[in-house]
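Breakdown of the fold
Residue strings, one per chain:
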Amino acid sequence: MTDVAARARALAEWHGSGELVVLPTVWDTWSAQVAVDAGAVGLTVGSHPVADAIGSSDGENMDFSEYLSVVSGISAAAGVPVSVDVESGYGLDPAELITRLLEAGAAGANIEDVVHGEGKRVRDRREHADYIAAARAAADEAGVDFVINGRTDAVKLGTGTFDDPVGEAEARITMMEDAGARAVYPVGLSTADEVSRLVQAVTVPLNVTAHPVNGHGAGDLEALRGLGVRRVSFGPLWQKWLGEVSAGELAGWAPGDRRS
């Protein structure tokens, strides 16, 4: 617990520094080591890439114990703070969720508002904020500066779910900050105007998902920094890019048409 507390404290300090932190999204000990060797000071573990790596699927379909085993291995091997995407919490009480994450060596977690295990039901604003508040209280009781990254899919869900998706995301991230989230993650932002608006809605870091090569719809790393973004992760995009590049190269090694 001492190591976890120290790593969580470091992660919390970075989030409170006013500087931008890039937390590459990894899925196993190999990808974690690649990121750390490249200079990453912290990592995120993505449910989507881990699910793909172990032959499962995203959307809380993994066995949570198996997922945490992967997280534990990454945390032990990487030696840097690790934040874990736990989707909506895998049906766990917030206190149990935090306990199990700390046992796995996690220093932080994304918690989203789409409950995949209940037909992708979207928590209402207050329900989601209350879940985050309970998780915050559990971490505080454990004496750990755990970094909760409050995620909303309001923009991603679009006008089929909300009349004003960006406005809904704004309302949700402000409530999550008030509930104790130390970062917020409105998934699906694609323009500089959207990013700028939501950065200004909160005082904690706003997380965006960027492609490690192509950047974000609002621009490259320096453009994001200029907009006030203070946290960047990759979601499944690094893993997907590696797959695309690898498939292209490996195609040249495939056997030719043997019928001739």
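Residues numbered from 1 in each chain as written. Predicted model: local features only at pLDDT ≥ 70, side-chain atom pairs only at ≥ 80, totals over all residues. Heavy atoms only, no water.

1. Focus: the side chain of Ser31
Residue placement: Ser31 occurs in helix H2 (residues 29-37). In this structure Ser31 comes out as buried when scored by relative accessible area, which is 0%. (Helix = DSSP H or I, 4+ residues; strand = E, 2+ residues; numbered from the N terminus. Buried < 20%, exposed > 50% of the residue type's maximum accessible area, 1.4 Å probe, protein only.)

2. Considering H2
Along H2, the positions that sit buried rather than exposed are Ser31, Ala32, Ala35 and Val36. Projected down its long axis, H2 shows its buried positions confined to an angular sector of 135°, all on one face. For H2, the exposed residues lying more than 90 degrees away from the buried face are Trp30 and Asp37. On its buried side, H2 packs onto strand S2 (25-26), strand S3 (43-45), helix H4 (64-78) and helix H11 (237-250). Two or three places before Trp30, at the start of H2, stands the capping residue Asp28, its side-chain oxygen 3.3 Å from that residue's backbone nitrogen. (Arc of directions from axis to C-beta. Contact = heavy atoms within 4.5 Å. Polar contact = N/O pair within 3.5 Å; in protein donor to acceptor, adjacent residues only side chain to side chain.)

3. Considerations on the packing of aromatic side chains
Evaluation of the coordinates by the stated rule reveals 4 aromatic pairs. On the numbers, 4.7 Å between centres and 35° between planes, the contact of Phe64 with Tyr90 is tilted. Of this pair, Phe64 sits in helix H4 while Tyr90 sits in the loop between strand S4 (82-85) and helix H5 (94-103), and the two are 26 residues apart along the sequence. Here the two residues Phe64 and Tyr90 agree in accessibility, since each one is buried. Ring-pair connections join several aromatic residues into one group, and the members of that group are Phe64, Tyr67 and Tyr90. Its end group placed over the ring of Tyr131, Arg123 keeps NZ or CZ at 4.3 Å from the ring centre. (Phe/Tyr/Trp six-rings, centres within 6.5 Å; stacked < 30°, edge-to-face > 60°. Lys NZ or Arg CZ within 6 Å of the ring centre and 35° of its normal.)

4. Here's the deal with helix H8 (residues 165-179)
Taking 1.5 Å as the rise per residue, H8 with 15 residues should run 21 Å; its terminal C-alpha atoms sit 21 Å apart, in good agreement. Where H8 is buried, its residues touch strand S7 (121-122), helix H6 (125-141), strand S8 (147-152), helix H7 (154-157), strand S9 (183-186) and helix H9 (192-199). Phi for Gly180, located one or two positions after H8, is positive at around 115°. (Expected span 1.5 Å × (residues − 1).)

5. Examining the nonpolar core
Counting residues in each nonpolar core, the largest one holds 75 residues, and the members touching the most others are Leu43, Tyr67, Leu101 and Phe146. When sequence neighbours within four positions are dropped, the list of residues in contact with Tyr67 reads Val45, Gly46, Ser47, Val50, Met62, Val84, Asp85 and Tyr90. (Core = buried A, V, L, I, M, F, W, Y, C linked by side-chain atoms within 4.5 Å.)

6. Describing the pattern of salt bridges
One pass over the full model with this rule turns up 12 salt bridges. The residue Arg182 makes a salt bridge to Asp145 at a minimum N-O spacing of 2.8 Å. Note that Arg182 is positioned in the loop between H8 and S9 and Asp145 in the loop between H6 and S8, a separation of 37 residues in sequence. Look at Asp145 and you get partly exposed, because its relative accessible area is 30%. Glu170 serves as the salt-bridge partner of Arg197, at 2.8 Å between the closest nitrogen and oxygen. Taken together, the positions of Arg197 in helix H9 and Glu170 in helix H8 put the pair 27 residues apart, joining distant regions of the chain. Given the relative accessible area of 37%, Arg197 is considered partly exposed. Through salt bridges with shared partners, one network takes in Asp113, Arg125, Glu168 and Arg172. (Salt bridge = Lys/Arg side-chain N within 4 Å of Asp/Glu carboxyl O.)

7. Observations regarding the sheet that holds strand S10 (residues 207-209)
Ordered in space as S1-S11-S10, the 3 strands form an open sheet in which the pairing is parallel. If you trace the sheet from one side to the other, it starts and ends with strand S1 (21-22) and S10, each paired once. The sheet contact formed by S10 and strand S11 (residues 231-233) spans 3 bridges and is parallel. Counted as the bridge partner of Thr209 is Ser233 from S11. (Pairing = 2+ DSSP bridges.)

8. Examining the pairing of S8
The buried fraction of S8 is high, at 6 of 6 residues. Relative to S8, strand S5 (residues 108-111) runs parallel, the two sharing 4 bridges. Within S8, the position partnered with Asn110 by the bridge is Asn149. Bridge count for S8 against S9 is 4 bridges, and the pairing is parallel.

9. Remarks on the sheet that holds S4
Taken in spatial order, the 6 strands of this open sheet run S2-S3-S4-S5-S8-S9, and their pairing is parallel. The sheet is open, and its two edges are formed by S2 and S9, each paired on a single side.

10. Observations regarding unusual backbone geometry
At Glu60, a residue that is not glycine, the phi angle is positive and equals roughly 60°. Along the chain, Glu60 turns up in the loop between helix H3 (47-54) and H4. Residue Tyr90 is not a glycine yet carries a positive backbone phi of 55°.

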